[in-house]
Amino acid sequence: MASTTGTTPSVELSKKRAASPPAELPPAKQPRSTPAKAAKTTRMTISEPPSMYMRIRITSSGEVPHTPLLRHLISTSIGQVFGNVAAETPVSILSFNVKSKEAVIRVPFAQATNVRAALSLTSKLGNELCRIDVLDAKGWLVLLGR
């Protein structure tokens, strides 16, 4: 059997197979498609700090109170505004400068709003006029810079 193109029949047959599209594979032998990779998510829990630090300044017509009297003044102020239960809020006086009349106090974060409001509403120290200004309030002591 002679071919007009000059090639042998077996070569022509292999050329035809190469040119034809591949036959469908049975379902069991088809390659598995990989599912699209989901975007990587990272979960972060940001909790509130345990304490709030406040830098306050006391302005008074009389003598500036010392540390124990200042603690009593703050507790009394909270009690007058929010009642006796709120007056039990723990207040720590971390530093007190008599010359500049400034103090740094620490209060629980959950009660910080109430303490700040009570300090702002303070108007008397004993029988003398008094004002407490909250100069700065931060959740971390390091951030309470001067």
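Preceding this section is the structure that the text describes.
Let us look at the structure shown here. (Residues numbered from 1 in each chain as written. Predicted model: local features only at pLDDT ≥ 70, side-chain atom pairs only at ≥ 80, totals over all residues. Heavy atoms only, no water.)

Digging into the sheet that holds strand 5 (residues 128-138)
Consider a sheet: its strands pair through backbone hydrogen bonds, and that pairing is either parallel or antiparallel. Stated precisely, the cut-off is as follows: By definition, two strands form a pair when at least two bridges between them are found by DSSP. Runs of H or I in DSSP of at least four residues are treated as helices and runs of E of at least two as strands, each being numbered from the N terminus. Throughout, a residue-residue contact means that at least one pair of heavy atoms, one from each residue, lies within 4.5 Å. Lines fitted to C-alpha atoms define the axes here, with helix axes fitted over just the stretch in contact, and angles between the N-to-C directions of these axes take values from 0 to 180 degrees.
Read from one edge of the open sheet, five strands run 2-3-1-5-4, paired in antiparallel fashion. The sheet is open, and its two edges are formed by strand 2 (92-97) and strand 4 (124-125), each paired on a single side. Of the strand pairs in this sheet, strand 1 (residues 51-60) and strand 5 are connected by eight bridges, and their pairing is antiparallel. Opposite Y53, over in strand 5, you have K138 as the bridge partner. Contacts between helix 2 (residues 67-82) and the sheet are confined to strand 1, strand 2, strand 3 (102-108), strand 4 and strand 5, with strand 2 contributing the most and set at about 125 degrees to the helix.

Some words on the pairing of strand 5
On any regular strand, side chains alternate: one points to one face of the sheet, the next to the other face. Sheet analysis places strand 4 next to strand 5, joined by two bridges and oriented antiparallel. Looking across to strand 5, one finds that L125 is bridged to E128. Counted between consecutive antiparallel strands, the loop separating strand 4 from strand 5 contains two residues, among which G126 sits at a positive phi close to 70 degrees.

A look at the pattern of salt bridges
Applied cut-off: The working definition used for a salt bridge is a side-chain nitrogen of Lys or Arg within 4 Å of a carboxyl oxygen of Asp or Glu.
Within the structure shown, the criterion is met by four salt bridges. A salt bridge links R131 to D133, with the nearest nitrogen and oxygen atoms 3.2 Å apart. Connected via shared salt-bridge partners are R55, R57 and E102.

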